[in-house]
Amino acid sequence: VAGIVGDKLPRFRLFGDTVNTAARLEQHSPSGSLLMTQASVDLLPSGVYPIAKHGSLQLKGLGEVVTYSLLADTMAESPHGCCRSPKTRPNGAPNMSPA
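Colleague: When you look at the overall build of the protein in this model, what are you seeing that I'm missing?
Modeller: Across its full length, the protein holds two helices and five strands. Ordering the α and β elements of the protein from the N terminus gives β-β-α-β-α-β-β. Within the protein, buried positions represent 18% of all 99 residues. Partitioning the intrachain contacts of the protein with sequence separation of at least 6 by distance along the chain shows that 33% fall at a separation of at least 24. Total accessible area computed for the protein in this model is approximately 7400 Å², and 56% of it derives from carbon and sulfur atoms.

Colleague: Is there a simple way to explain the sheet that holds strand β5 (residues 63-70) in this structure?
Modeller: Neighbouring strands of a sheet are bound in pairs by backbone hydrogen bonds; such pairs are parallel or else antiparallel. Here we have three strands laid out as an open sheet, ordered β3-β5-β4, and antiparallel in their pairing. The open sheet terminates on both sides in strands that have one partner only, identified here as β3 (34-37) and β4 (51-59). Strand-to-strand, the axes of this sheet are offset by a mean angle of 40 degrees, without reference to chain direction. Two elements, β3 and β5, share four bridges in a ladder whose sense is antiparallel. Bridged to L35 within β5 is S69.

Colleague: Quick question: what am I supposed to make of the pairing of β4 here?
Modeller: A regular strand carries its side chains on alternate faces of the sheet. Bridge count between β4 and β5: eight bridges; the pairing is antiparallel. Counterpart to G55 in the pairing with β5 is T67. Two successive antiparallel strands, β4 and β5, enclose a turn made up of three residues, where G61 displays a positive phi of approximately 80 degrees.

What counts and what doesn't
Residues numbered from 1 in each chain as written. Predicted model: local features only at pLDDT ≥ 70, side-chain atom pairs only at ≥ 80, totals over all residues. Heavy atoms only, no water. Helix = DSSP H or I, 4+ residues; strand = E, 2+ residues; numbered from the N terminus. Buried < 20%, exposed > 50% of the residue type's maximum accessible area, 1.4 Å probe, protein only. Contact = heavy atoms within 4.5 Å. Areas by Shrake-Rupley, 256 points an atom, 1.4 Å probe, with all protein chains shown as cover. Pairing = 2+ DSSP bridges. Axes fitted to C-alpha atoms, helices over the stretch in contact; angles between N-to-C directions.

Given below as structure tokens:
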């Protein structure tokens, strides 16, 4: 669900299970990695992205959720150019910003 919330200072907000799941996964994700649920893994083309089982997490409001991780060593080599290693910028230049 999405909509405008507030009268004095209206803001666009998103609500629902997808947003809650993403927030919980972000809280538990190791730095520089991308966690996803089985539902996300099922939507990805088979064999294109290197994915490893990360383990089960107890997530508030969701219970036990099996999570998977996109392997960071090969993120810069994505065939679609959508994923980049934290060590590079989208144009391929070295990322000089502090981690």
